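Chain by chain, the residues run as shown.
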Amino acid sequence: MKQALAILALAATSATFATATSAQGVYVFGDLGQSDFDLGSAPGFSVDETDTMYGIGVGYSFNDYFSAELGYVDLGESTISTNAPISGTVFGSSFSIDGKFAIDATGVFFGVRGDLPVSDSVDLFARAGMLSWQSDASFSGTITIDGDTFTSGSGELDDGTDPYLGLGASYAFNDNVSVNAQWNRYMLDMLGEDLDIDTLSVGLAYRF
């Protein structure tokens, strides 16, 4: 993150900027990469916080420096597994858990992108906006509460609308096709707790 900010600061003070062709118009894009759910840890549980993510969208560039974007992102899922059956008491009820939980997140985003051309082909960019998201949870295994046993199940966990931001760089092969690499952070308020989901991805964009 600090390195990315340093690159942007250096580019901002550089004397070499692209003077090139106007980027006004519509473009479509897609990204594929890895997500990282910042769930933390708990005794007796193993947490797998990373998964494959992807995103698709459409944007409109008003000029070489400013665009608006709308799209869909699937942030993958994180899994939490018991290392062995865990027992205890909550609110006066005895319980035992042995199995695996999975939590996913998907959503529709709307935001803006600011570009800083550093050559005829290379841009640095920053993104920010809002993600309208939904998270589903599933469980495989057994949960016993006061002698009653429940097995596998799934359902909606939570939803909301929260901000995201990102940094990246793109390289244009020609006036239409470009490739990018980017980092994004989605800052969700899930079940009353802050959950940051970071993504690192590469993608392609096509400008009409």
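Structural notes, computed from the coordinates. Note that the structure is predicted; figures quoted are calculated from it, not measured.

Reading the values: rules and limits
Residues numbered from 1 in each chain as written. Predicted model: local features only at pLDDT ≥ 70, side-chain atom pairs only at ≥ 80, totals over all residues. Heavy atoms only, no water. Helix = DSSP H or I, 4+ residues; strand = E, 2+ residues; numbered from the N terminus. Polar contact = N/O pair within 3.5 Å; in protein donor to acceptor, adjacent residues only side chain to side chain. Contact = heavy atoms within 4.5 Å. Phe/Tyr/Trp six-rings, centres within 6.5 Å; stacked < 30°, edge-to-face > 60°. Buried < 20%, exposed > 50% of the residue type's maximum accessible area, 1.4 Å probe, protein only.

Turning our attention to the side chain of Asn180. Topologically, Asn180 is positioned in strand β10 (residues 177-190). At 3.2 Å, the side chain of Asn180 forms a polar contact with the side chain of Gln182. Setting aside anything within four residues of it in sequence, one finds Asn180 in contact with Asp31, Phe125, Ala169, Ser170, Ser201, Val202, Gly203 and Leu204.

This structure, assessed with the given rule, holds ten aromatic pairs. Their ring planes at 35 degrees and their centres at 6.4 Å tell us that Phe29 and Phe109 sit as a pair that is tilted. Here Phe29 is found in strand β1 (residues 25-37), whereas its partner Phe109 is found in strand β6 (residues 93-117), with 80 residues between them in sequence. Residue classification places Phe29 among the buried positions, given a relative accessible area of 11%. Phe109 sits in the buried class, given a relative accessible area of 3%. Seen from their ring centres, Tyr54 and Tyr72 are 6.3 Å apart, and the 50 degrees between their planes marks the pair as tilted. Of this pair, Tyr54 sits in strand β3 (residues 50-61) while Tyr72 sits in strand β4 (residues 66-82), and the two are 18 residues apart along the sequence.

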